[in-house]
Every structure is written in C-alpha cells, then in structure tokens.
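The primary structure of each chain is shown beneath.
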Amino acid sequence: MIALQTLFHAIAQAEDEQTLRSHIPAEMSEYFSATRCGLFFFAQIPLVNSKLQKALQIALSPQHNPVARYLLERHAPVHEALIVEPKTWQLICPRADHWHVMAGPIVSNGELVGVVGFTREQGMPAFDSQNLTDLSALCLHISTWVTMTRLQRPLLLHTERLTPREMQIASLVAQGQTNAEISTELWITENSVKQALKRMFRKLEVSSRTQMVAKLSTVSK
C-alpha cells in the first residue's frame, strides 16, 4: 500500500502540470483503492479533443453535477453520499464504474482552477470520512504546488498578442497582485488595469486571470 507521505513527495517533485496529470493519478488511485482517478485543470480542457472536451464540460458542470457544485461553492473535498441519496446519484450518473465518486478542489489565488476526482465501481465500498481527510491533505499539496509553479514560470507564449504594458500587467497578475496593487506598481488608475485586463482577455480568448496566466505561461526548463 502506497503511503500518503509518498504522494506528498511525488507531488512536490513533479516537473510540470503534464507530469502531475499523467503520473500522480495512478498512485493516488492505488492509495484510495479507486477504479479511476483523473486530475483536470480547467484551462487545459479547451485543448483536448472535442468529444472528451464535451464530456468533461458536462461532468464538471455545476448545473448537472451536485459534486461539482459543492466544489465550486465550498472549495472542499466531497463524495456523492454527502450531498445526495444513492437513488438520486444513480439518476444523475447511472454508470456502474462511477457508482461512488469523490472529488477534491485544486485552488490557486482564491480560484478553483482544477479538480482531482476518483470513482469506484458498483459493489465496491463507498468513500468515507477518512478518505476525505486524506484527499484534503493531497489537495492542499497540489494547490500549493500549482500556485508556486505558476509564480515561477516566465510568461513566454502568445506574447506577440500583447503590448509591453499589457505584458507588465500579466506578469504582475501571475505574481498574485490585485488590480489595486498593480495600479500602484505601474502608476496607473485601477480602472485602467480593469480595462487592460478586459482587452487582454479578448486577445487571448480567456475569461479569467487564472486562464490568462495558464495560457501565457510555459514551464521553465
């Protein structure tokens, strides 16, 4: 049985988000005796193939999935039995390989930027409170890793779309600064920062600060 501390170490040693998404879930799946485990970053969903993208958007939709809604509202780990009756969950998700689900939030700069999820098949025991406690610890480590990694990244991609001033603003956003802090740093009004961010979002085809940083960033090798 893999140890929780081993998972903490593996997360800390991950070189990039691709490594985190492709290798760590297998170890977490073993730890939680899960049928499946997936780690998703919302900024990466538009990059996957259209069929998988549609499936993920439905599965992670707060309107469709009460587990996703719980994550969005509370930023806390949850399993389906905490929020719905078994019969209700079977109506929402009738798949036998998703008979039990558990999910935890990946948070950076106060925003939900991703989800780590687990499933168990019909006939397997439900996830319990100890599972939630352990997942909470793992989500803390993953969220910390994501925040620190993104702060250390140089803003390299898509820079040709932005003016030098917009690149300055993007760099400060990546450091976690608020609009007020950016306005003070650059000697411009807070409204100028807001308007600049709107233009930048349109240019980069994103809808949030987190998505903008993810799109502009590349891991330093």
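Residues numbered from 1 in each chain as written. Predicted model: local features only at pLDDT ≥ 70, side-chain atom pairs only at ≥ 80, totals over all residues. Heavy atoms only, no water.

A.B. asks: Please give an account of helix 8 (residues 164-174) that cites residues and values.
C.D. replies: Listed in full, the buried residues belonging to helix 8 are Glu 166, Met 167, Ile 169, Ala 170, Leu 172, Val 173 and Ala 174. Gly 176 occupies a position one or two residues after helix 8 and carries a positive phi of about 90°. (Buried < 20%, exposed > 50% of the residue type's maximum accessible area, 1.4 Å probe, protein only. Helix = DSSP H or I, 4+ residues; strand = E, 2+ residues; numbered from the N terminus.)

A.B. asks: Describe the packing of aromatic side chains, listing the residues and the values that go with them.
C.D. replies: All chains considered together, the criterion is met by two aromatic pairs. Seen from their ring centres, Tyr 31 and Phe 32 are 5.0 Å apart, and the 90° between their planes marks the pair as edge-to-face. Pair check on accessibility: Tyr 31 and Phe 32 agree, each one buried. Ring pairing ties together the aromatic residues Tyr 31, Phe 32 and Phe 118, which thus form one cluster. (Phe/Tyr/Trp six-rings, centres within 6.5 Å; stacked < 30°, edge-to-face > 60°.)

A.B. asks: Could you give an account of the sheet that holds strand 4 (residues 111-120), with specific residues and numbers?
C.D. replies: Backbone-to-backbone hydrogen bonds pair the strands of a sheet. The strands run either parallel or antiparallel. Read from one edge of the open sheet, four strands run 1-4-3-2, paired in antiparallel fashion. A single partner strand is all that each edge strand has here, and the edge strands are strand 1 (36-41) and strand 2 (78-79). Relative to strand 4, strand 1 runs antiparallel, the two sharing six bridges. Each bridged residue has a counterpart across the sheet, and for Arg 36 the counterpart in strand 4 is Thr 119. (Pairing = 2+ DSSP bridges.)

A.B. asks: Provide a residue-level description of the environment of Met 28, including the pertinent values.
C.D. replies: As for its placement among the helices and strands, Met 28 is situated in helix 3 (residues 24-31). Residue Met 28 is classed as buried on the basis of its relative accessible area, which comes to 0%. Distance from Met 28 to Ile 2, taken between C-alpha atoms, is 8.5 Å for residues 26 residues apart in sequence.

A.B. asks: Pulling in residues and values, what's your account of the pattern of salt bridges?
C.D. replies: With the rule as written, the count across this model stands at four salt bridges. Between Arg 36 and Asp 97 there is a salt bridge whose closest N-O contact spans 3.4 Å. With Arg 36 in strand 1 and Asp 97 in the loop between helix 6 (86-92) and strand 3 (100-108), this pair connects stretches of sequence that are 61 residues apart. Residue Glu 166 is joined to Arg 199 by a salt bridge in which the shortest nitrogen-to-oxygen separation is 3.6 Å. With a gap of 33 residues between them, Glu 166 in helix 8 and Arg 199 in helix 10 (residues 190-204) connect regions that are remote in the sequence. Accessibility expressed as a relative area gives 4% for Glu 166, which makes it buried. The network of salt bridges with common partners includes Arg 36, Arg 95 and Asp 97. (Salt bridge = Lys/Arg side-chain N within 4 Å of Asp/Glu carboxyl O.)

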